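If you want the building blocks of each chain, they are given just below.
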Amino acid sequence: MLVALICTDKPGAIETRKANRDAHLAYIKETGVVAQAGPFLDADGMMCGSLLILDVANMDAAQAWANGDPYAKAGLFADVRIEQWNRVVG
C-alpha cells in the first residue's frame, strides 16, 4: 500500500533539519520503502517540511517507519500526518 507521510517542521528548526539530514537520507536508503521523497520549501526557498511516499504493508508499518525517522527522533516536526494514498497519475 502507498502512504503519504506529510510533515511540517517546527518554526526556526532549519538547523535541526540540517544536522540530521545525512542520517535521514541514510534511513531512507537502508529501509527501502520510500518510493518518492522531498522537502517542502517556504517563500524563501528554505526547507520547512517533508513529503514522503512510502510503499509499506499497512498503516502500522508506516507509523513505525515515521517513528524511526531520524528527523522525528530529533524533534524536527511540529505536525505529522500519515494518509493512505492512491496513485492515479505517474
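Look up a bit, the structure's there.
None of the values given here were measured: they were computed from a predicted structure.

Undergrad: Sorry, what's going on with the environment of K73 here?
TA: Within the element layout of this structure, K73 appears in helix α3 (residues 70–73). Separated by 53 residues in sequence, K73 and N20 place their C-alpha atoms 9.5 Å apart. In contact with K73, other than residues within four places in its own chain, are N67 and G68.

Undergrad: Whenever I open this one, the pattern of salt bridges confuses me. Can you help?
TA: Oppositely charged side chains are able to pair whenever their charged atoms sit close together. Counted under the stated rule, the structure contains 3 salt bridges. Here E15 ties to K18 by a salt bridge, and the two come within 3.9 Å at their closest N and O atoms. Taken as a pair, E15 and K18 lie in helix α1 (residues 14–31) at a separation of 3 residues, close to a single helical turn. Among the salt bridges present, the one from R81 reaches E83, with a minimum N-O distance of 3.4 Å. For R81, a relative accessible area of 40% puts it in the partly exposed group. Accessibility expressed as a relative area gives 35% for E83, which makes it partly exposed.

Undergrad: In this structure, what is going on with the pairing of strand β2 (residues 34–41)? I would like to understand it.
TA: Consecutive residues of a regular strand have side chains that alternate between opposite faces of the sheet. Strand direction decides the pairing type here: β2 and strand β3 (residues 47–55), joined by 7 bridges, are antiparallel. Across the sheet, the residue bridging to P39 is S50, located in β3. What sits between the antiparallel neighbours β2 and β3 is a turn of 5 residues, in which G45 has the positive phi angle 80°.

Undergrad: Any chance you could explain the packing of α1 against helix α2 (residues 59–68) here in plain terms?
TA: For any two helices packed against each other, one specifies the inter-axial angle together with the distance between the axes. Packing of α1 against α2 leaves a shortest axis separation of 11 Å and a crossing angle of 145°. For the pair α1 and α2, the contacting residues are Y27, I28 and T31 in the first and A64, W65 and G68 in the second. Considered class by class, the residues forming the contact of α1 with α2 number 4 nonpolar, 2 polar and no charged.

Rules of the game
- Residues numbered from 1 in each chain as written.
- Predicted model: local features only at pLDDT ≥ 70, side-chain atom pairs only at ≥ 80, totals over all residues.
- Heavy atoms only, no water.
- Helix = DSSP H or I, 4+ residues; strand = E, 2+ residues; numbered from the N terminus.
- Contact = heavy atoms within 4.5 Å.
- Salt bridge = Lys/Arg side-chain N within 4 Å of Asp/Glu carboxyl O.
- Buried < 20%, exposed > 50% of the residue type's maximum accessible area, 1.4 Å probe, protein only.
- Pairing = 2+ DSSP bridges.
- Axes fitted to C-alpha atoms, helices over the stretch in contact; angles between N-to-C directions.
- Nonpolar A, V, L, I, M, F, W, Y, C, P; charged D, E, K, R; others polar.

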